[in-house]
Every structure is written in C-alpha cells, then in structure tokens.
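Working through the structure, step by step
So you can see what is in the structure, the chains are spelled out below.
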Amino acid sequence: MLVESEHLKQAPAAEPSGREQIVRAVLDEIRPNLKRDGGDCELLEIDGNKIMVRLTGACVFCKLASATLEGIQARLIERLGEFVRLIPVAGAAKPRH
C-alpha cells in the first residue's frame, strides 16, 4: 500500500540519530544492487517503528519491488533488533529548501 507523499513531515536538519544512521547504512548496502538495475530507494522519514521510503527509477514499476521492500525490512529488523514497518511512499521527491 502506497502512502501519498503530501502527508509526510519535513525531517529536521539536525544530526542523524544512531537509529537513522543504521537505517541509512542498510539502504546504502542495498543501493548498488538497486542502481545496477536502474533504480534506487531513498529514506523519507522515520516515525516510531514506521520507516517511510520512496522507490525511484526502475524500481517504481518493477514486479519484484515488494520482494525488495520485504528484504530491506528484514535487514532493518535484524540490524535494529526491533520490529519496524517499511512503508513505500508514492510521488515525486519534494525539493529541499
């Protein structure tokens, strides 16, 4: 299920938390595989146990996108040591100010 991007909060420009650093590290680990196939995944927001991401490029229309998201979620749960829900968000990226 995709969430509309207009409901997302703007992330603060502060130093990333340890939790956010782990999430970003996991995304950085899988990024080469996504880019090899013409796609990518960007972190939008962390809200409690919900982690909102946006698939881009070829990942948007890929039939295996749900399997990719499940794999990322499993790796996040393993690394964070707690249950998290990875939520794909639809829409174009908003420009940052």
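Residues numbered from 1 in each chain as written. Predicted model: local features only at pLDDT ≥ 70, side-chain atom pairs only at ≥ 80, totals over all residues. Heavy atoms only, no water.

1. Focus on the overall build of the protein
Looking only at helices and strands, one finds two helices and four strands in the protein. In the protein, buried positions account for 31% of the 97 residues. Contacts spanning at least 24 positions in sequence make up 57% of the contacts within the protein whose residues lie at least 6 apart. Entry remark: accessible area of the protein is about 6,500 Å², with carbon and sulfur atoms responsible for 54%. (Helix = DSSP H or I, 4+ residues; strand = E, 2+ residues; numbered from the N terminus. Buried < 20%, exposed > 50% of the residue type's maximum accessible area, 1.4 Å probe, protein only. Contact = heavy atoms within 4.5 Å. Areas by Shrake-Rupley, 256 points an atom, 1.4 Å probe, with all protein chains shown as cover.)

2. Some points on the nonpolar core
Residues V23, C41, I51, V53, I72, L76 and L86 are the most contacted members of the largest nonpolar core, which totals 18 residues. Not counting residues within four places of it along the chain, the set of residues in contact with L76 comprises V23, V26, I51, G81, V84 and L86. (Core = buried A, V, L, I, M, F, W, Y, C linked by side-chain atoms within 4.5 Å.)

3. Let's talk about helix 1 (residues 18-36)
The end-to-end C-alpha distance of helix 1 is 28 Å, a good match for the 27 Å that 19 residues give at a rise of 1.5 Å each. The largest bend in helix 1 is about 40°, located at I30, with the proline P32 one to four residues further on. Within helix 1 the residues assigned to the buried category are V23, V26, L27, I30, R31 and L34. Following helix 1 by one or two positions, G38 adopts a phi angle in the positive range, close to 85°. (Expected span 1.5 Å × (residues − 1). Bend = angle between axes of the 7 residues up to and from the residue.)

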